[in-house]
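Here is what each chain is made of, one letter per residue.
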Amino acid sequence: MYINTHSSYSFKYGVISPEALLAQARYYGLSTLALTDINSTSGSLIFVREAQKHNVKPVLGIDFRNGADQQFIGIAKNNKGFQELNEFLSYHLHQDQPIPERAPFFKHTFVIYPFNKATFKLHDYEFVGVRPSDFSKLWNSPWKNQPEKLIAFPSITFRHKRDFNTHRLLRAIDNNTLLSKLPKTEEGNENDRFLSPDQLKEVYTDYPYLLKNAEILLNQCNIHFDFSTDIPQNLKTYTGSEEQDFKLLRRLCLRGMPYRYPQGSLKIMRRLAKELQIIKQKEFVSYFLINCKIINYARKRKYYYVGRGSGANSIVAYLLRITDVDPIELDLYFERFINLYRQNPPDFDIDFSSRERDDVTRFIFEYFNKKSPNGVALLATFSTFKAKAAIRELGKVFGLPAHEIEKMAEGGHPSDAMAATVLKYSSYIANLPSHLSIHAGGVLIADRPIQYFTATSLPPKGFPTTHFDMHIAEDVGLYKFDILAQRGLGKIKDSLALIKENCPDAPDIDIHDFKSLKKDPRIKELLREAQAIGCFYVESPAMRMLLKKLRADEYLGLVAASSIIRPGVAKSGMMRQYIVRFREPERRNDAHPVLLDIMPDTYGIMVYQEDVIKVAHHFAGLDLGEADVLRRGMSGKFRSRDEFQQVKEKFFNNCDAKGYDRQVTADVWRQVESFAGYAFAKGHSASYAVESYQSLFLKAYFPLEYMVATINNGGGFYRVELYVHEARMHGAEIYPPCVNKSAYDTRIYDKDIYLGFGLVLDLEGRVIERLVADRERQGKYMSLEDFVSRVEISLEQLTLLIRVGAFRFTGINKKELLWKAHFLLGNKEKPSVNTPLFKVDYKRFTLPKLSVSLMEDAFDEMELIGFPLCHPFSLLDGDFKSTLCTKDLKRQVGKVITILGYLIAIKNTSTSKGKRMNFGTFIDLEGQFIDTVHFPPSAERWPFRGRGVYTITGKVVEEYDFPSIEVMMMEKERYIDDPRYSVNSGNELNI
């Protein structure tokens, strides 16, 4: 009888989860319930999935509204009707058009208009909804003579007063207004609550036929979605024929054989035949062909990409060039990727440069929508209210002072009753869905129109996006293709372009010639010495520490390091054991003999997820498919716990049958169990290592071009400042942005690097476009006057350019330039540029002598680009308290020393007892790294106090060639007073 019901997926309106709605329906004994969220289908499939658990028949619909104003609701008779509703809503969301007062012609949908909106003749499938508040109008309405067109129209939005109050707060947040100023028209009716069937009959006691009509309508509705994972809904064939798909896949693999394996071998052909057979048996052929088409497009466009994840375990993927990792060389198990136990399609993660990913996505939509019309969509994610954000939002709704809101958000106690109310209701709002966002890279390619499953929105990127997330998509058989963006690939591509431009005599570079990269002596040296700043996945302090301790300079050593650096592995103690056994071969005998025999390359230590499979297969005698069930069960990604339990029992039973001591079996099981959910797949680590090698090659041979590319791609693990510092350490001369040398991005001329205008805070993009375009059209700017005559710019924007040093080429100090800027633009209401026929001779002014200081430039740079271009230690007020440097630490091991360090990075962590501690990264007076450990007493007594120079006192410790300082005391040093505001700076003239 309920045909207008809202869940929490009526964003910032509803408050009840679909599960809670169904639980309430079951409590009241309702056999049928319709969900009609407002302009949203986000909760629809959750509702259908959960309904069977509550023994409630689900009905789906949509409440079509403009803002809070209800136009009509649509109720799907069946799945075709749900698709009709989704297509109608999608059209209006994509076009950003208001919902019309009259519904379109539907074939499989009922339409119910609110009583006050039905002023026209109705079709057979259209009805007028009558709420209890409409009873007083019914006797005088022309509809009283058409009782068959009238239908009970109670709404469900709340369960109790608290739900209504929460709803009002959500509406105030949505309208960005104080609760006291929220219009009543923006609220629901407080009486829109769940009533039992008997209560509802009592409300409609004078109009029982209204309830009967509602019941008849609902009985005609049937919706069904298959939530078994046995039937994927992805595009089933690539060519239109499964047989032709398989022939094409085999042909493409054989075509790729000479490139990947010039010599070939029987082992390779057997592996290929085995993989193809399993792929065909599992009906995953089209999945490989779709990915192959995507990367072929990228290669044709010369886009750089990396195929990673467990897909690297497949020789088919390697031959198709989806991945660049040789599974034969690394002994990667195909069963880690696909096995007969796996129901869902395999998962490739393909990374592209962030600048090229959108074009690849565009291609996917254009190409595959031709094969499956409207079958392509981006995946959404649900953004939910977080606890602190809920407090901040509600604090604004109640009009609390900002300092009071912030205090509560950080855990402080409320100061009065209103603040207490904020805290109370924030707990009700926390974790409610707030709005839809876009998944980082998930793309769906379905076998039928995506509107069969969901309506779609059209975010700014311009690609239709589902109303549900990946978990719901997988539940209904839609599996995503991961098309991801990664800055590291942009760095590689941009580096190669910069090298051609700045080093025209350099030989051509084949960055994909991985066999040569693995042997390169300079790359080996960078790895041994951990000189990898800017390089993908190997530049973080933790990775630098690990590489320095391992002193590994081989590909497989880096592959292992990429996995054991993972937090779970490191915490389990396995990273420590790996380092010990790597550096001290005699300690390898500490390993369990069975594990050492199975994993000799990693000294009996499980380093990769595949190692779980190896142990289960070789030690316990499970077949490879069963072993992967074990791995997935431990990683938390496997849903059938019963199947996992069966495999666990078989593990122990097989070991008993092999005659192993039960204690030995239990010990091995504990090691497997503590490890399986944490590490990378070996293929994933290998994929990362390939990109690391490419980055290391560029860093080794073209460090300046590579650093510029790193800066232009937004840096990496560190702030841009460190990459500027690294370029300087490699011999670059660094200059601030210049109107004659710079563009939006940073530019390099031989060894001179001019920072880009894009780094300047508050400098407008249109100003940058104008100045660069005019320079390219008419040549360099000769003076400030020449610049102003050619570029349309405001005084405020011109001031930013002067202060950042963009007119240094004039030889005139900033203060004089600022005076000139005021003379030139100060009286103009709206600056404009008209190209004069003759050169304008500006009036010359005699200015008083203005003092200038290099330190003023440093403070301007800190304000405008975030860091000074001078040596940061030159800004200290007073004498240096130490001149020790990192190179001196090896001679100070075991001693307490004092050293100066400029803060680069902080890693916060906690001890096993939950106490806070830190790891710090600094650079010394010579620009080399200092690594510090701050145990809880030190972290509490001497906390970090923001960016700057610190005096560090502590004990020098060393482990396997890696020195660090256990901090005992740390104080932030004071910079000199800002000379721009000192009495004698002449700054009183600086407008």
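Whatever comes next refers back to the structure up there.
The present account deals with the structure reproduced in this document. None of the values given here were measured: they were computed from a predicted structure. (Residues numbered from 1 in each chain as written. Predicted model: local features only at pLDDT ≥ 70, side-chain atom pairs only at ≥ 80, totals over all residues. Heavy atoms only, no water.)

1. Overview of empty space enclosed by the protein
Reasoning step 1: Going through the model one piece at a time under the given rule, you end up with 3 cavities of 30 Å³ or more.
Reasoning step 2: Space inside the largest cavity adds up to approximately 60 Å³.
Reasoning step 3: In terms of lining residues, the largest cavity is bounded by Y305, V306, G307, D324, V325, S687, V690 and Q694.
Reasoning step 4: For the lining of the largest cavity, the secondary structure elements donating two or more residues are β9 (305-308) and α29 (682-701).
Reasoning step 5: Of the residues contributing to the lining of the largest cavity, the split by class is 4 nonpolar, 3 polar and 1 charged. (1 Å grid on protein atoms, 1.4 Å probe; cavity = no way out; pocket = protein on both sides within 12 Å on 5 of 7 lines; lining within 4 Å. Points joined across faces, edges and corners; volume = space filled by probe spheres on them. Helix = DSSP H or I, 4+ residues; strand = E, 2+ residues; numbered from the N terminus. Nonpolar A, V, L, I, M, F, W, Y, C, P; charged D, E, K, R; others polar.)

2. Topic: the packing of helix α5 (residues 161-175) against helix α13 (residues 387-397)
Reasoning step 1: Viewed as axis vectors pointing N to C, α5 and α13 meet at an angle of 85°, and their least axial separation amounts to 10 Å. One way to sum up the angle between α5 and α13 is to call them roughly perpendicular. Listed contacts from α13 to L169, A172 and I173 of α5 are E393, L394 and V397.
Reasoning step 2: Of the residues that constitute the contact of α5 with α13, the class distribution is 5 nonpolar, no polar and 1 charged. (Axes fitted to C-alpha atoms, helices over the stretch in contact; angles between N-to-C directions. Parallel < 35°, antiparallel > 145°, perpendicular 65-115°, else oblique. Contact = heavy atoms within 4.5 Å.)

3. Topic: the pattern of salt bridges
Reasoning step 1: Taken as a whole and judged by the stated rule, the model has 67 salt bridges.
Reasoning step 2: Where R102 meets E126, a salt bridge forms, and the shortest distance between an N and an O atom there is 2.7 Å. Note that R102 is positioned in the loop between α3 (79-95) and β5 (109-114) and E126 in strand β6 (residues 126-130), a separation of 24 residues in sequence.
Reasoning step 3: Residue class for R102 comes out partly exposed when judged on its relative accessible area of 28%.
Reasoning step 4: Between K247 and E243 there is a salt bridge whose closest N-O contact spans 3.5 Å. In this pair, K247 and E243 both sit in helix α8 (residues 242-260), 4 residues apart, roughly one turn of the helix.
Reasoning step 5: Each of R803, K814, D857, D860, E863, D978 and R980 takes part in a single network of salt bridges with overlapping partners. (Salt bridge = Lys/Arg side-chain N within 4 Å of Asp/Glu carboxyl O. Buried < 20%, exposed > 50% of the residue type's maximum accessible area, 1.4 Å probe, protein only.)

4. Some words on the packing of aromatic side chains
Reasoning step 1: Applying the stated criterion across every chain yields a total of 58 aromatic pairs.
Reasoning step 2: Considering the side-chain rings of F64 and F72, the 5.2 Å spacing of their centres and the 40° angle between planes classify their relative orientation as tilted.
Reasoning step 3: Note on F64: relative accessible area 0%, which makes it buried.
Reasoning step 4: Residue classification places F72 among the buried residues on the basis of a relative accessible area of 0%.
Reasoning step 5: Each ring, one from F88 and one from F106, has its centre 6.0 Å from the other, and the planes form 85°; the classification is edge-to-face. (Phe/Tyr/Trp six-rings, centres within 6.5 Å; stacked < 30°, edge-to-face > 60°.)

5. Re the sheet that holds strand β18 (residues 752-754)
Reasoning step 1: Pairing in this open sheet of 3 strands is mixed, and the strands run β16-β18-β17 from one edge to the other. The outermost strands of the open sheet, each flanked by one partner alone, are β16 (733-735) and β17 (747-749). Strand-to-strand twist in this sheet, taken as the mean axis angle between neighbours without regard to direction, amounts to 20°. (Pairing = 2+ DSSP bridges.)

6. Some points on the nonpolar core
Reasoning step 1: Formed by 116 residues in total, the largest nonpolar core has its most connected members in L546, Y555, L771, F787, L798, L801 and F807.
Reasoning step 2: With 8 residues, α29 is the single largest residue contributor to this core.
Reasoning step 3: Ignoring any residue separated from it by four or fewer positions in sequence, one finds F807 in contact with V739, L784, F787, L798, L801, I802 and L817.
Reasoning step 4: L35, A172, I223 and I405 belong to the second-largest nonpolar core, a separate cluster that totals 100 residues. (Core = buried A, V, L, I, M, F, W, Y, C linked by side-chain atoms within 4.5 Å.)

7. Here's the deal with unusual backbone geometry
Excluding glycine, residues mostly have negative phi values, and the peptide bonds linking residues are mostly trans.
Reasoning step 1: Positioned with a positive phi, N176 is a non-glycine residue whose angle comes to about 50°.
Reasoning step 2: Summarising the element assignment, N176 is placed in the loop between α5 and α6 (197-203).
Reasoning step 3: Positive phi values are uncommon outside glycine, yet Y537 reaches one of about 70°.
Reasoning step 4: Mapped onto the secondary structure, Y537 falls in the loop between α19 (521-529) and α20 (541-550).
Reasoning step 5: Note on Y537: relative accessible area 25%, which makes it partly exposed.

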